[in-house]
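Inside the fold
Here's the letter readout for the chains.
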Protein chains: 2
Amino acid sequence: MNAYQALTERFQRLARLDHLSAIAGWDMQTMMPSGGSDARGEALAELSVMHHEILVQSSTAELIALAQQETLNSDQQANLNEISRHYADAALLPTELVEAKALAGSRCEQAWRQQRIENDWQGFQRNLTPVVELSRQEAQLRAKALGCSPYDALLNLYEPGMTSQRLDTLFGELIQWLPELLQQIVAKQPASSTVQTHRVFPLSQQKALAESVMQLLDFDFTHGRLDVSAHPFCGGVPTDVRITTRYNTDEFLSALMGVIHETGHARYEQNLPKQWPGQPIALARSTAIHESQSLFLEMQLGRSKAFLQRLHPLICQHLTAATDLSLNDLVQQVQHVSPGFIRVDADEVSYPAHIVLRYEIERSLINGEVEVSDIPELWDEKMQRYLGLSTAGNYRNGCMQDIHWTDGSFGYFPTYTLGAMYAAQLFNTLQQQLPNLDEAITLGNLAPIFAWLKENIWSKGSRFPVDSLIQQATGETLNPKWFKQHLERRYLGD
Amino acid sequence: MNAYQALTERFQRLARLDHLSAIAGWDMQTMMPSGGSDARGEALAELSVMHHEILVQSSTAELIALAQQETLNSDQQANLNEISRHYADAALLPTELVEAKALAGSRCEQAWRQQRIENDWQGFQRNLTPVVELSRQEAQLRAKALGCSPYDALLNLYEPGMTSQRLDTLFGELIQWLPELLQQIVAKQPASSTVQTHRVFPLSQQKALAESVMQLLDFDFTHGRLDVSAHPFCGGVPTDVRITTRYNTDEFLSALMGVIHETGHARYEQNLPKQWPGQPIALARSTAIHESQSLFLEMQLGRSKAFLQRLHPLICQHLTAATDLSLNDLVQQVQHVSPGFIRVDADEVSYPAHIVLRYEIERSLINGEVEVSDIPELWDEKMQRYLGLSTAGNYRNGCMQDIHWTDGSFGYFPTYTLGAMYAAQLFNTLQQQLPNLDEAITLGNLAPIFAWLKENIWSKGSRFPVDSLIQQATGETLNPKWFKQHLERRYLGD
Ligand SMILES: [Zn+2]
Ligand SMILES: [Zn+2]
């Protein structure tokens, strides 16, 4: 057995541990009774320690060095690159730093749940400060190895190849035109559509609707399922993808659009390449590309008029309290734009403003240009500038609303808006390549769309770098104009 | 850190792997879509290989030897004994034998599912022969190390301390009186009670009934749950016990009694000692003791007239198709005795005959006194002698009905009847210690019963050998007369 083969066996073992961790993690969010959580947490932590031990043992580095001398085909070479990247990401940090960060992060996250309710910025600041401090240490170590800025080193954990220089341009331009576009859209849009009050949408009906929409979106129920959790997510493994949603009996659209979103993540996972089992090359390309697939289904496809025409009869059929919902009302509700405080509730036009704000703050924070104590003022100032809303003193609905920073996931936020941009660019290419796309969508004939995504994105896994993947799929690397054009056309145009 | 502490840390790690394997295994039987099974099987197999590697590494033996020289208190000494036993059980077999047996077993089990339907003894015999051959090799290796007969070596994997010499006496005496008792009972019992045909018991009603009975039996829903699987079982971990049942809309009693049975297993698990987390001493004592707890709840308590009086209103309340079921009919149905071909459908009087038959055959098989080709004739002869039924040519409902031998689980069958005997002995002690027990049961005042079981069995874990555990709880080691007395009193007496 040569070194490359030995490495693939090691990574297959790791993938099997990841499998168990994904299923036990899913169970924790969906099935586990409350009393099970301590022991489950310990079991998952043990598995993650064992995963780390296997990955960073010195023989991994030796095998990588040996494999680099072996004759490999281009697939193997690409896989070896991913193997090296995963190894380096994991091996770079001293164990004490990893443990200290995990501890500070879980302490901060735990306390945050209550502190947020109490609008307690002082308390939160005390817990967040060590998390930021340890994240800076991590970023500096990684930056030194990669030869980049501290923030870029964290960004690369989620989005390999992306730089803050490029984000500065992408997001800098975006935030030039977005506030005005928002104002135009809000001014143009009809007064809020008839609100259906005092209606009840039973969970069983919503679930049946969700599953019929998943069927329409070609979710493979022999390799996945839909359940309920407090925070919707897409988990499991490619052979068994577990998506979740959260139903509300007062209102059905958030659960439904959430299911369409997670189905986008799920179809990517279900259609990842099968010819390299357990290998890093077979994994999803990046966080932003993953989000591009969920936003492709939710935003580009799911909230389009054409798709809503197909969705409308399904809604009326499954929900007895929505039989009189008109198509016009449905479109108005689904495409309603309204700037607000909360990122996760934001429409697709306001959403990028929330992201640019967070990106600018976390980049400066990690690079040491601002401190934790500066956050509330920066937040308020940017919210006013980008969305016309003040969060002064309103920490709960301001800088304390998100979970991401509590455990030190700096570098994650930009992937949401990168995903939206990739989704727009992919959809635009599809429109050019498939004639009568809208008509096909209205008829529910989605097979050509999925065949295109499968060929160009899903089946590629991590075979190519992001830029090359997008270039091959659309003829150019990331071009933000398609996202702008999408917003203008949907909300101002036709 | 001394050697004993190092061992406890190693076993805690192993317990955490067992946790993940239990949850992923439960998921496989209850939640997993069909397409997930190959990858799940591989992930679970990988975890089991890692478990084995950690357990049998040479340093485990060295640590055990060192710990035996250390000053330990009596709890620690008992734990060290269990640690040594688990280590020896695992380390004794060469890896090739373990793998060959797993392969032959899974091939035999797979094929058996279809061969049983087709009554194909010849085909089954071809696959069972290598399983028996490899089990004999395993038994001989274990026997040499333990200094006992080959069959006893396998028996000890499930029931530490039990011998076939003792079973020969216990089961030999039992099978002297059982056939005649069965005839007396069948002759005495009223003609089969009114069969309720064409009734439908909706799953949702049966589930609500099952959960209310679990509540009555003090199942802790913050540390466990009830789901559905093709083959009912009790799985999960003590902090999160997962029991399952299988509902049938034609008939509700089998699911309900099955839930009571699994609740017995579950309460044992939920109440195992908490002061030795992850240590072998905190595990359930043995397979027969585990079964004694399920049979205590199902047979001793659950099918008693006193308990059925308490159960009756719950049934009428939850099942709209059973509102007219009389208490007399319920008792008659629950206590109906009818010798038949199938072990898993057998009443508690016939059941031991099925077990003695299997015990006698598997003991001779493993000790090399009979061959696989002799099984059908032996089966038919014993079925005629013990239950008055012939299985000649009827392999499907004869020697091909059980899964246990297909993967080489020889030594398991006796634990069912040992469990029934222990249950009767425990219940008899309780009757003597708690005055007015029947009245308390009728009133649903079960707390004293559970307090007694918790103190005498559950909270002991594996702190004492089986004989000592039973001696402490009941004042004597296993005495089969209590089981005989129980059957006579319930089915002939009072
Ligand atoms: Zn997403
Ligand atoms: Zn049982």
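Residues numbered from 1 in each chain as written. Chains lettered and ligands numbered in written order. Predicted model: local features only at pLDDT ≥ 70, side-chain atom pairs only at ≥ 80, totals over all residues. Heavy atoms only, no water.

1. Considering the overall build of chain A
Check the secondary structure of chain A and you find 20 helices and three strands. Here the C-alpha radius of gyration of chain A, 23 Å, is about what a compact globule of 494 residues would show, namely 23 Å. Along the first, second and third principal axes, the C-alpha set of chain A runs to 65 × 50 × 50 Å. Here chain A holds 494 residues, and 56% of them are scored as buried. Sequence-distant contacts in chain A: of pairs separated by 6 or more residues, those separated by 24 or more amount to 73%. Element-wise, carbon and sulfur atoms account for 50% of the exposed surface of chain A, whose accessible area totals about 20,500 Å². (Helix = DSSP H or I, 4+ residues; strand = E, 2+ residues; numbered from the N terminus. Rg over C-alpha atoms; globule rule 2.2 N^0.38 Å. Buried < 20%, exposed > 50% of the residue type's maximum accessible area, 1.4 Å probe, protein only. Contact = heavy atoms within 4.5 Å. Areas by Shrake-Rupley, 256 points an atom, 1.4 Å probe, with all protein chains shown as cover.)

2. Overview of the coordination of the zinc ion (ligand 2)
Residues and elements named next belong to chain B. At this site the zinc ion (ligand 2) is bound by His261 (NE2), His265 (NE2) and Glu291 (OE), with donor distances of 2.1 to 2.4 Å. Mapped onto the polypeptide sequence, the residues donating to the zinc ion (ligand 2) form the spacing pattern H-x3-H-x25-E. In this pair, His261 sits in helix H10 (residues 253-270) while Glu291 sits in helix H11 (residues 287-302), placing the two residues 30 residues apart along the sequence. Exposure remark for Glu291: the relative accessible area of 8% places this residue in the buried category. (Donors = N, O, S within 2.8 Å, 3.2 Å for Na, K, Ca; no water.)

3. So, the sheet that holds strand S1 (residues 224-228) of chain A
Backbone-to-backbone hydrogen bonds join strands into a sheet, with any given pair of strands oriented parallel or antiparallel. Residue and element names in this part refer to chain A. Strand order in the open sheet formed by three strands is S1-S3-S2, with mixed pairing between adjacent strands. Two strands in the sheet have a free side with no partner beyond their single neighbour: S1 and strand S2 (234-237). Across the sheet, the axes of successive neighbouring strands diverge by a mean angle of 20°, strand direction being ignored. As paired strands, S1 and strand S3 (residues 240-245) are joined by five bridges and run parallel to one another. Each bridged residue has a counterpart across the sheet, and for Val228 the counterpart in S3 is Thr245. (Pairing = 2+ DSSP bridges. Axes fitted to C-alpha atoms, helices over the stretch in contact; angles between N-to-C directions.)

4. A closer look at the domain arrangement of chain A
All names here are of chain A. As assigned here, chain A comprises domain 1 (3-160) and domain 2 (165-492). A straight line from the C-alpha centre of domain 1 to that of domain 2 covers 25 Å. Taken together, the contact between domain 1 and domain 2 spans 48 residues of the former and 63 residues of the latter. Of the roughly 4,500 Å² buried between domain 1 and domain 2, counting both surfaces, carbon and sulfur atoms make up 61%. If you look at where domain 1 meets domain 2, you find three salt bridges. Here Asp75 and Arg463 are joined by a salt bridge, their closest N and O atoms 2.6 Å apart. In this assembly, domain 1 and domain 2 are joined by 23 residue pairs in polar contact (both at pLDDT 80 or more). (Domains from an automatic or database assignment. Buried area = accessible area lost by both parts, 1.4 Å probe. Salt bridge = Lys/Arg side-chain N within 4 Å of Asp/Glu carboxyl O. Polar contact = N/O pair within 3.5 Å; in protein donor to acceptor, adjacent residues only side chain to side chain.)

5. Let's talk about the interface of chain A and chain B
In this complex, chain A contributes 34 residues to the contact, which on the side of chain B involves 34 residues. Both faces considered, chain A and chain B share a buried interface measuring about 2,900 Å² in area, 58% of it formed by carbon and sulfur atoms. Looking only at chain A, the three residues that lose the most surface to chain B are Arg13, Arg16 and Leu20 of chain A, adding up to 20% of its buried area. Counting the contacts that link chain A with chain B gives twelve salt bridges. Asp27 of chain A is the salt-bridge partner of Arg242 of chain B, the closest N and O atoms lying 2.8 Å from each other. Where chain A touches chain B, the interface holds 20 residue pairs in polar contact (both at pLDDT 80 or more). Elements with a contribution of two residues or more to the side of chain A that touches chain B: helix H1 (3-30), helix H2 (37-56), S1 and S3 of chain A.

6. Details of the coordination of the zinc ion (ligand 1)
Residues and elements named next belong to chain A. Taken together, His261 (NE2), His265 (NE2) and Glu291 (OE) make up the protein donors of the zinc ion (ligand 1), found 2.1 to 2.3 Å from the metal. On the primary sequence, the residues serving as donors to the zinc ion (ligand 1) are separated as H-x3-H-x25-E. Pair noted here: His261 and His265 are both in helix H10 (residues 253-270), with a separation of four residues, about one helical turn. The class for His261 is buried, based on a relative accessible area of 12%.

7. Remarks on unusual backbone geometry
Positive phi outside glycine occurs at Asp218 of chain A, with the angle close to 70°. Structurally, Asp218 of chain A is set in the loop between helix H9 (203-216) and S1.

8. Here's the deal with the pattern of salt bridges
Enumeration over the complete set of coordinates arrives at 58 salt bridges over all chains. For Asp324 of chain A, the salt bridge goes to Arg199 of chain A, with nearest N and O atoms at 2.8 Å. One end of the pair, Asp324 of chain A, is in the loop between helix H12 (305-318) and helix H13 (327-334); the other, Arg199 of chain A, is in the loop between helix H8 (164-188) and H9, with 125 residues separating them in the sequence. The residue Asp168 of chain B makes a salt bridge to Arg363 of chain B at a minimum N-O spacing of 2.5 Å. With Asp168 of chain B in helix H8 (residues 164-188) and Arg363 of chain B in helix H14 (residues 351-366), this pair connects stretches of sequence that are 195 residues apart. Residue classification places Arg363 of chain B among the buried positions, given a relative accessible area of 19%. Residues joined in a network through salt bridges with shared partners are Arg13 and Arg16 of chain A together with Glu42, Glu46 and Glu53 of chain B.

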